[in-house]
Amino acid sequence: MKKLFYSAFAYMVIGVLSGFFYREFTKGKDFTGFTQLSVVHTHLLTLGFMVLLIVLVLEKVFALSRSRLFSWFFWTYNAGLVLTAAMMVVHGILQVNGATEVSAAIPGIAGLGHILLSAGMVLLFLALRTRLFASAVKHDGATSAALAG
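Read on for a plain summary of the structure.

Conventions and cut-offs
Residues numbered from 1 in each chain as written. Predicted model: local features only at pLDDT ≥ 70, side-chain atom pairs only at ≥ 80, totals over all residues. Heavy atoms only, no water. Helix = DSSP H or I, 4+ residues; strand = E, 2+ residues; numbered from the N terminus. Phe/Tyr/Trp six-rings, centres within 6.5 Å; stacked < 30°, edge-to-face > 60°. Buried < 20%, exposed > 50% of the residue type's maximum accessible area, 1.4 Å probe, protein only. Salt bridge = Lys/Arg side-chain N within 4 Å of Asp/Glu carboxyl O.

**Some remarks on unusual backbone geometry**
A positive phi is found at Asp30, a non-glycine position, where the angle reads about 55°. Relative to the helices and strands, Asp30 is located in the loop between helix H1 (2–28) and helix H2 (37–62). In this model, Ala63 sits at a positive phi of 50°, which is unusual for a non-glycine residue.

Right under this line is the structure:
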């Protein structure tokens, strides 16, 4: 549970700092167009901070970490988010610095990050399913015993 809490907190801090970086970097370069930097903070705050806070609540209610899939979710999802955000920052800096074309590796690596994010979400739902059904069986048995007694 602490791992989720501190990860959510880290994404909140990094998300806020990335918004600050976007504002100051574009202002310092006198840049007024669109750049990937403008959406990095939104991605980090939403996919990092908010999603992990929701998972923290799910952990508290359903003990998600008892599922063997939870650790796979956690590391896959975070690797995908870090990879995606890092490539957005690299691409955004290049855009602000005037690059009109970027290496195909940048969107390719960002795409890999998105794939990892998606795989992480699937793993989260699989872990949640195992815990929901495990909880439902326990509650059903206790309910049946209470009704019978």
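Still to come is the rest of the account.
**Structural notes on the packing of aromatic side chains**
On inspection of all chains with the given rule, the structure shows 5 aromatic pairs. Each ring, one from Phe5 and one from Tyr6, has its centre 5.2 Å from the other, and the planes form 75°; the classification is edge-to-face. Accessibility expressed as a relative area gives 44% for Phe5, which makes it partly exposed. Ring plane angle 35° and centroid distance 5.6 Å describe the contact between Phe73 and Tyr77, whose orientation is recorded as tilted.

**A few points about the pattern of salt bridges**
This model, assessed by the stated rule, comprises 2 salt bridges. Among the salt bridges present, the one from Glu24 reaches Arg23, with a minimum N-O distance of 2.8 Å. Judged by relative accessible area, Glu24 falls into the partly exposed class, the value being 31%. Judged by relative accessible area, Arg23 falls into the partly exposed class, the value being 44%. Between Glu24 and Lys27 there is a salt bridge, and its shortest N-O distance comes to 3.6 Å. Within this pair, Glu24 and its partner Lys27 are both found in helix H1, separated by 3 residues, close to a single helical turn. Salt bridges linked by common partners bring Arg23, Glu24 and Lys27 together as one network.

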